[in-house]
Amino acid sequence: MASVTQTAPHAQAHGTHHEDPGFWRTYIFSIDHKVIGIQYGITALFFLLFGFSLMLMMRWQIAHPGEAVPLVGPLLAALLGDVASNGVISPDLYNSFGAMHGTIMVFLAIVPLAVGAYGNYLVPIQIGANDMAFPRLNMMSYQLYFLGGIIMFASFFIPGGAARAGWTSYSPLATTIPTDGQTFWLIGMVFLISSSLLGSVNIITTIVQLRAPGLTWMRLPFFVWAQFTASFLLLLAFPPLEVAGILQLMDRVAGTSFFLPTGLAIGGNLANVSGGGSPLLWQHLFWFLAHPEVYVLILPAMGIIAEIIACNTRKPLWGYKSLVYSAMCLGFISFLVWAHHMYLTGMGTKISTFFQTTTMIISIPSVIILTCLLISLWGGSIRFNTPMLFALAFLPMFGIGGLTGLPLGFSASDIHLHDTYYVIGHFHYVVAPGTIFALFAGIYFWFPKITGRMMNEYWGKVHFAGSILFMNLVFMPMFIQGLAGMLRRMSDGGVNYSSLKLQGVSGGLSPTIMGLNSFILWGAVGLLIAQIPFIINFFYSISHGTKVENDNPWEATTLEWQAPTPPPHGNFLTPPQVYRGPYEYSVPGYAKDYVPQNQPPG
Amino acid sequence: MSDTHPDAFKAYARKCGIIFGAVACVTLAMVATSFAPIHNRAVAIGLVLGAACINATLVASYLMHLISEKKMIYTVLVFTAIFFTGLMGLSIWAAHDVPRVLGR
Amino acid sequence: MDIPYTVQPRPDTGVYNAKVGMWLFLASEVMLFGGLFSSYILLRVAAAPGTWPTGWLSVPLGTINTLILALSAVTTLLAWASCKARMFDRYKLFMGLTLVLALVFISIKGYEYSDKLRHYEVVLKDGRIADGHLVTRNDKEVVLEGRYVQNHAELMNGRASHGKPHEEIRIETPQIQKIGNYGPAHNTFTAIYFVLTGLHGLHILGGIVVFAYLWGPGSRMWKTEPERFTNRIEVAGLFWHFVDLVWIFLFPVLYLT
């Protein structure tokens, strides 16, 4: 059966008459999962760009400490006053940028894009449903995310400035910093956590209850399995961080001492608090979420890559069952590894060994997933379009990120590497040329379904080439710097630990290592320039891109490609019935090299 | 339960009354135990919390219908219980497993 | 546009959507209160010997609250059963009872809170400690109804302090070294007590709001979609039972151990 273009009369798929809901109900307070998905997507992409610009300013300060930031220096001074006087980033402002870069990238950009945008838009259509199980709850999730984002953004402009105790917000520092920015951070986190919780309830219920007839669990696209697992992680891992946030808020506002130990001194004076608290309690509660959180960052990305690889190799994924079971094991074990972030807090050898063991075990399902995706390429008819290029690049980039995590997972080697640039290199490899590449791939891939037009292939490839080159130029040197002992979160770029400054002291950072700071800065600038064709391509193609000739330009098998373009309210003209698995490509005996999931047998 | 029969309602109400009675008795026993002069603190706390667990089981099984709920719900709760135990148990273990100070 | 399985259960899972959603939400709430209980244990275990108080809360009031909440759990269930049996008047009765019981619970809790916030500990410059309920406080003096103790550790055992004689204590303001009430900032126990019971109380309030809506304006759905309304009562009831479950552990942990 050839792909067709289905037209949806007046955007109503179910035939009953509806009055026009008006602008506000259609675009701002919509309960349609597709509109909400796009809202999440646009907001998240804005925060991604904002977080990126924070990083650029930080890299300038690292390479040229104490010098005014070019181009934006005067703007900083005008907006932020003393902390950026004469356009120079003060140490406090650097710390704010650092803390907010992490917070924004993780909680306001990547997760909302990967789960809020991709999950919301695609999951109902891929399972053949009308919408999410709880559409109004869905709208509320977005509104809470939006409000949380506003609170975080606003914190830059209040007296005292934004939070600056790292995205990890460790007490007692975070409790005692004299700025309301920390309080804003905590309140913003409460909003974001609530948004996540409601969203995950929605996604899980939708997948459990609203699968189309014939769509059994083992016929689900791997993308749906990935979203299902990620939502469980969000559901069960976030609440302890909400607890921690409430307790830290009480410490800041109500004078409690949950995380403040007895005998705490600030600025040489005994603090006027009741004491009896434990800073380690914060760390346990924080990392109990924050470790599963990183699997929330990677699982949807793996799901996206799986879909794109299957479609662009024209053959089924290798090891579908292994992929599914590995994803579930990954989710499960991720709850039991968190204290590998706390090896240097004085934990004893028995408990350190426990967490080291679970950390080593969790690398197994990770590697299985990567291996399955890699083997899926073997013998395929690979189409090297832009989404596939990003998907192929994801594999080695995630491989590097994952492998460099191993020395960090061993408590012995972590003694040397903890809090160095090695860590920064590791996690950025997984998230930046890992997850973000997957998100880019997904944008190019699903753009025609959402808008009815293709993005420009040539500029897509330019974007790809620039991104993969500069991502590696930015992050690879960080492993070298970290192994040499350069610490994180230093607003002067390590100058005070350089061998030039520490004459006659061994172990200082050599000029080569320090010189890498400039190298990385140029890499970051290159990375910025490489995104420009993408941004232009994205907006231009919405109205001027090549129109697709039918609903299924990629000739894919999953249900979203059998829906009209763009899908109307209700998604399908007739409720789909599923007859087969999600990756029936190149099936012998069929005229075409793909068989859609809802194509009847015979 | 035959849903619409008033007698069925009465039987159901009686069953609920029994559950409430059980919960009330266990609660009062729990309070009494806490005032009893048990010297081993761990045992005292264990008995009190054990009584709380009995009450929780009664409420969850009968009032929340968990005893007749579907497998899907059970699966979610079993995983939740595992992660809850992990959070509590592992952080308490971490607090206790600290290196001994040399020389002491 | 109709979303399936909002009223009738899906055949293979055996449940309707809202029930799945509510159980998932309750699972996350287990982790929320689990995190708080874990924090309680860690803080208590880490406390220096003699610094963690016991017996500071009124066991009679706590016991009454436990029974009230357990009774309200039963009336909630009977409200649902009334809906199932199509007895709307009986539903109104049981839901109304639930609301009344919930309001009594929150009032008793409020009284307990105000009692704590009126209870002061004053450390005088000469080393004595005065402990009691506040009568008046102004610029010149603080008047308590309580007693003097020799050291802070005496205050840690609440049950031993019962029945000790109270007197009126007048303290001139210049004599005060430190003054504070038994609020969250007082020590780690009061801090975790207020957060645990406060968060629980917020859940009670949320339940009250939802029940009030379902008893009042929301009950209009009974006339048009009685089955969907019954499901709402069941799901709200599940939430309320969970709130009761949390209290079943809160009470012994805070009041009895």
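These numbers were taken from a predicted model, which means no experiment stands behind them.

A word on the overall build of chain A
Along its length, chain A carries 16 helices and four strands. In summary, chain A has a C-alpha radius of gyration of 25 Å against a globular reference of 25 Å for 602 residues, a match within 12%. The buried share of chain A, reckoned over its 602 residues, is 55%. Long-range pairs, those at least 24 residues apart, make up 78% of the contacts in chain A with a sequence separation of at least 6.

With respect to the overall build of chain C
Tallying secondary structure elements over chain C gives seven helices and five strands in all. Reading the helices (α) and strands (β) of chain C from amino to carboxyl end gives α-α-α-β-β-β-α-β-β-α-α-α. The globule rule puts the C-alpha radius of gyration for 257 residues at 18 Å, and the 23 Å found for chain C is more than 25% above it. Reported as C-alpha extents along the three principal axes, the dimensions of chain C are approximately 75 × 35 × 30 Å. Counting all 257 residues of chain C, 43% fall into the buried class. Counting only contacts in chain C whose residues sit at least 6 apart along the sequence, the fraction spanning at least 24 positions is 67%.

Description of the sheet that holds strand 3 (residues 141–149) of chain C
All names here are of chain C. What the five strands build is an open sheet, ordered 4-3-2-1-5; its pairing is antiparallel. This sheet does not close on itself; its edge strands, each paired only once, are strand 4 (167–172) and strand 5 (176–181). On average, each strand axis in the sheet is tilted by 40° relative to the strand beside it, whichever way the strands run. As judged from the eight bridges shared by strand 2 (residues 129–137) and strand 3, these two strands associate in the antiparallel manner. Its bridge partner lying in strand 3, T136 is registered against V143. Of the strands in this sheet, strand 1 (119–124), strand 2 and strand 5 are in contact with helix 3 (residues 88–118), which crosses strand 1 at around 15°.

Structural notes on unusual backbone geometry
Residue and element names in this part refer to chain A. A cis amide bond links S171 to the next residue, P172, at an omega of -5°. A cis amide bond links T565 to the next residue, P566, at an omega of -15°. Its location among the elements puts P566 in the segment after strand 4 (546–547). One non-glycine residue, R489, lies in positive phi territory at about 55°. Mapping R489 onto the fold places it in the loop between helix 15 (457–483) and helix 16 (511–544).

Quick look at the domain arrangement of chain C
On domain assignment, one finds that chain C holds domain 1 (29–49 + 59–114 + 192–256) and domain 2 (117–181). Placing the centre of domain 1 of chain C and that of domain 2 of chain C at their C-alpha centroids yields a distance of 36 Å.

Digging into helix 3 of chain C
All names here are of chain C. With 31 residues, helix 3 extends 45 Å from end C-alpha to end C-alpha; this agrees with the ideal 45 Å at 1.5 Å per step. Turning to helix 3, its buried residues are Y91, F94, M95, T98, L99, L101, A102 and F105. Considering only its buried residues, helix 3 is in contact with helix 2 (59–84) and helix 5 (188–215).

Digging into the interface of chain C and chain B
The partner chain B presents 39 residues to the 40 residues of chain C that form the contact. Take the side of chain C that touches chain B: its biggest share by element is 13 residues, from helix 1 (residues 17–46) of chain C. Taken together, the residues of the side of chain C that touches chain B break down into 28 nonpolar, nine polar and three charged.

Some details on the nonpolar core
Ranked by size, the top nonpolar core spans 282 residues in total, and within it A:I305, A:A306, A:L317 and A:A441 carry the most contacts. Counting residues in hydrophobic clusters, the runner-up holds six residues, among them C:Y120, C:V122, C:V142 and C:L144.

Some remarks on the interface of chain C and chain A
Counting from both sides, the interface comprises 30 residues of chain C and, opposite them, 34 residues of chain A. Of all elements in the fold, only helix 1 and helix 5 of chain C reach the threshold of two or more residues within the side of chain C that touches chain A. Sort the elements by how many residues they give to the side of chain C that touches chain A and helix 1 of chain C lands first, with 15 residues.

Looking at the environment of C:H200
All names here are of chain C. Positionally, H200 belongs in helix 5. H200 sits 50 residues away from L250 along the chain, and the two C-alpha atoms are 9.0 Å apart. With sequence-adjacent residues up to four places away left out, H200 is seen in contact with V243, V246, W247 and L250.

Remarks on the environment of B:S34
Here B:S34 shows up in helix 1 (residues 6–35). As a C-alpha pair, B:S34 and B:K70 span 36 residues in sequence and 37 Å in three-dimensional space. Setting aside anything within four residues of it in sequence, one finds B:S34 in contact with B:V48 and C:L256.

Points about the environment of A:P178
Residue and element names in this part refer to chain A. Considering the arrangement of structural elements, one finds P178 in the loop between helix 6 (173–176) and helix 7 (180–209). A tally of 8 C-beta atoms within 10 Å means that P178 is categorised as exposed. The spatial distance from the C-alpha of P178 to the C-alpha of G161 is 9.7 Å, given a sequence separation of 17 residues.

A short note on the confidence of the model for chain C
For chain C, mean pLDDT is 93; residues scoring 70 or higher make up 100% of the total. Model confidence for chain C, summarised as mean pLDDT per element, is weakest for helix 4 (residues 158–161) of chain C at 83 and strongest for helix 5 of chain C at 97.

Here's the deal with helix 3 (residues 71–96) of chain B
With 26 residues, helix 3 of chain B extends 37 Å from end C-alpha to end C-alpha; this agrees with the ideal 38 Å at 1.5 Å per step. Residues B:I73, B:V76, B:T80, B:F83, B:F84, B:L87, B:L90, B:S91 and B:A94 constitute the buried set of helix 3 of chain B. On its buried face, helix 3 of chain B is in contact with helix 8 (222–253), helix 9 (279–313) and helix 11 (349–375) of chain A together with helix 1 of chain C.

Section: the packing of helix 1 of chain C against helix 5 of chain C
When two helices pack together, their arrangement is given by the angle between the helix axes and the distance between those axes. All names here are of chain C. One can describe the packing of helix 1 onto helix 5 by two numbers: an axis separation of 11 Å at closest approach and a directional angle of 170°. Viewed along their axes, helix 1 and helix 5 adopt a mutual orientation that is roughly antiparallel. Contacts between helix 1 and helix 5 involve L36, S39, Y40 and L43 on the former and, on the latter, T188, I192, V195, L196 and L199. For the contact of helix 1 with helix 5, the class distribution of residues is seven nonpolar, two polar and no charged.

A word on the packing of helix 2 (residues 33–63) of chain A against helix 5 (residues 135–154) of chain A
Residues and elements named next belong to chain A. For the pair helix 2 and helix 5, the least separation of the axes is 10 Å and the interaxial angle reads 15°. Judged on the interaxial angle alone, helix 5 and helix 2 are roughly parallel. You can see that helix 2 and helix 5 cross each other, and the crossing is left-handed. Mapping the contact onto sequence places H33, I36, Q39, Y40, T43 and F47 in helix 2 and P135, N138, M139, Y142, F146 and G149 in helix 5. Here the residues of the contact of helix 2 with helix 5 sort into seven nonpolar, five polar and no charged.

So, the pairing of strand 3 of chain C
Sheet faces and side chains relate simply in a regular strand, where the side chains alternate between the two faces. Residues and elements named next belong to chain C. Linkage of strand 2 to strand 3, two consecutive antiparallel strands, is achieved through a turn of three residues. Pairing of strand 3 with strand 4, which is carried by six bridges, proceeds in the antiparallel orientation. If you follow L144 over to strand 4, its bridge partner there is I169.

Conventions and cut-offs
- Residues numbered from 1 in each chain as written.
- Chains lettered and ligands numbered in written order.
- Predicted model: local features only at pLDDT ≥ 70, side-chain atom pairs only at ≥ 80, totals over all residues.
- Helix = DSSP H or I, 4+ residues; strand = E, 2+ residues; numbered from the N terminus.
- Rg over C-alpha atoms; globule rule 2.2 N^0.38 Å.
- Buried ≥ 20, exposed ≤ 12 C-beta atoms within 10 Å, placed from the backbone.
- Contact = placed C-beta atoms within 7 Å.
- Pairing = 2+ DSSP bridges.
- Axes fitted to C-alpha atoms, helices over the stretch in contact; angles between N-to-C directions.
- Domains from an automatic or database assignment.
- Expected span 1.5 Å × (residues − 1).
- Nonpolar A, V, L, I, M, F, W, Y, C, P; charged D, E, K, R; others polar.
- Core = buried A, V, L, I, M, F, W, Y, C linked by C-beta atoms within 7 Å.
- pLDDT = per-residue confidence, 0-100.
- Parallel < 35°, antiparallel > 145°, perpendicular 65-115°, else oblique.
- Left-handed = near helix turned anticlockwise from the far one by under 90°.

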